[in-house]
Amino acid sequence: MRLRVTSQINAGGSDPLFVMFHGYGNDESEMVRIIDAVYADHAANDVDHAAHVAAGADDAATETDSVDDAEPAESSAESAIEPSYLSFRGTYDRPYMGGTYWYPDGCSIEERRRECSAVGEAVTQLLDSPMFAHRKKVLVGFSQGGYLSYRMVKAYPDLFDAAVLLNPSFKGEEAARLDSSTRFFLAYGSNDHTIPLLDQCTARQVLDDAGHLEYHGYPGMGHAICDEEIRDIRAFVWSL
């Protein structure tokens, strides 16, 4: 399988690696926008914290005539605000209208699972690189990408530290059992009419039974992302 991916990696770092999959009709930039928004919140807080630490160091420098202690705090904040990620583009191009997808809209459960398995096998081979060996690996997926992320955890239950599933459909997973220590963040909007309520309930039940679920519902939100959700994802990511 040929993978199309955009990446940003702190090659010498040990920060988390986000492995990301977009929704139907979109492309890899969708997930980059989401993770950049998550880190933008973090960056603002880090800069405020660094300024506070630096101010304290400046006060101390009044007595010591040295400000060297303030510099590492500022440098630390600057280096902490860029996420490392692999954001994948769907394996199928949508004709005429543009965008891509992971499996055909309305396809059978068997076909969905088969397509997810093929992607999962290819991605995990890539993740076998020594560059990623000691990093936490966090899946992030929207809609189709959320279901794909879940199927990857199911196929590789010990590989991923966490998975952020945004508005996934769990149609056909009613009898599924998941045995994994992966932590899950699951979220839906109350006005999401793209994913049937029954499928949303199935997702919550399957992941809750696995024992490591953080669930969020957002009043008034449709099949989309909201500011409050970005803040909640940020808190979840930094709790890992």
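Here is a short report on the structure shown in this document. (Residues numbered from 1 in each chain as written. Predicted model: local features only at pLDDT ≥ 70, side-chain atom pairs only at ≥ 80, totals over all residues. Heavy atoms only, no water.)

**So, the overall build of the chain**
Of regular secondary structure, the chain possesses six helices and nine strands. Per-residue burial for the chain yields a buried fraction of 45% across its 240 residues. The contacts in the chain between residues at least 6 apart in sequence include a share of 72% that link residues at least 24 apart. Of the roughly 12,000 Å² of accessible surface on the chain, 48% is carried by carbon and sulfur atoms. (Helix = DSSP H or I, 4+ residues; strand = E, 2+ residues; numbered from the N terminus. Buried < 20%, exposed > 50% of the residue type's maximum accessible area, 1.4 Å probe, protein only. Contact = heavy atoms within 4.5 Å. Areas by Shrake-Rupley, 256 points an atom, 1.4 Å probe, with all protein chains shown as cover.)

**Here's the deal with the pairing of strand β2 (residues 17-21)**
Across the five residues that make up β2, a large majority, five, are buried. A two-sided burial pattern is seen for β2, the buried positions comprising Leu17, Val19 and Phe21 on one face and Phe18 and Met20 on the other. Bridge analysis of β2 against strand β3 (residues 84-89) gives five bridges, and the strand direction is parallel. Bridging across to β3, methionine 20 finds its partner in serine 87. Across five bridges, β2 lies against strand β6 (residues 137-142) in parallel orientation. When the sheet's bridge partners are listed, methionine 20 is paired in β6 with valine 140. (Pairing = 2+ DSSP bridges.)

**A word on the sheet that holds strand β7 (residues 162-166)**
Two pairing modes exist for strands in a sheet, parallel and antiparallel, and in both the strands are linked by backbone hydrogen bonds. Taken in spatial order, the seven strands line up as β1-β3-β2-β6-β7-β8-β9 in an open sheet, and their pairing is mixed. Two strands bound the open sheet, and with one partner strand each, they are β1 (4-8) and β9 (213-218). Direction aside, neighbouring strands of the sheet carry axes that sit 15° apart on average. On top of the sheet, helix α6 (residues 227-237) reaches β2, β7, β8 (183-189) and β9; it is set at about 175° to β8, its chief contact. (Axes fitted to C-alpha atoms, helices over the stretch in contact; angles between N-to-C directions.)

**A word on the nonpolar core**
Within the largest apolar cluster, 33 residues are counted, with the highest numbers of intra-cluster contacts made by Phe21 and Tyr150. Mapped by element, the contributors of at least two residues to this core are β2, β3, α3 (109-127), α4 (144-155), β7, β8 and α5 (197-210). With five residues, α4 is the single largest residue contributor to this core. Within the second largest apolar cluster, 23 residues are counted, among which are Phe18, Met20, Val164 and Ile230. (Core = buried A, V, L, I, M, F, W, Y, C linked by side-chain atoms within 4.5 Å.)

**Some remarks on unusual backbone geometry**
Here the phi dihedral of tyrosine 96 falls at roughly 70°; this positive angle occurs in a residue that is not glycine. Turning to its location among the elements, tyrosine 96 is positioned in the loop between β4 (92-93) and β5 (100-101). You will see that asparagine 167, though not glycine, has its phi angle at about 60°, which is positive. Within the secondary structure, asparagine 167 sits in the loop between β7 and β8.

**Section: the pairing of β9**
Relative to β9, β8 is paired through six bridges, and the arrangement is parallel. Its bridge partner being in β9, glycine 189 is matched across the sheet by tyrosine 218. This β-α-β element, β8 to α5 to β9, shows right-handed connectivity. (Right-handed = clockwise from strand over helix to strand, strands pointing away.)

**With respect to α3**
End to end, α3 covers 26 Å across 19 residues, agreeing with the expected 27 Å (1.5 Å per residue, within 8%). Looking at α3, one finds that the buried residues are Arg112, Glu115, Cys116, Val119, Gly120, Ala122, Val123, Thr124 and Leu127. (Expected span 1.5 Å × (residues − 1).)

**Some remarks on the pattern of salt bridges**
Should the charged atoms of two oppositely charged side chains come close, the side chains can pair. Going through the model one piece at a time under the given rule, you end up with five salt bridges. For the salt bridge of aspartate 93 with arginine 4, the shortest nitrogen-to-oxygen distance reads 3.2 Å. Residue aspartate 93 is found in strand β4, and its partner arginine 4 is found in strand β1; the two are separated by 89 residues along the sequence. One salt bridge connects arginine 135 with aspartate 15, and the closest N-O pair in it is separated by 2.8 Å. (Salt bridge = Lys/Arg side-chain N within 4 Å of Asp/Glu carboxyl O.)

**Some thoughts on the side chain of serine 149**
You can see serine 149 is positioned in helix α4. Residue classification places serine 149 among the buried residues on the basis of a relative accessible area of 0%. Contact partners of serine 149, with chain neighbours within four places excluded, come to Phe21, Leu139, Val140, Gly141 and Leu165.

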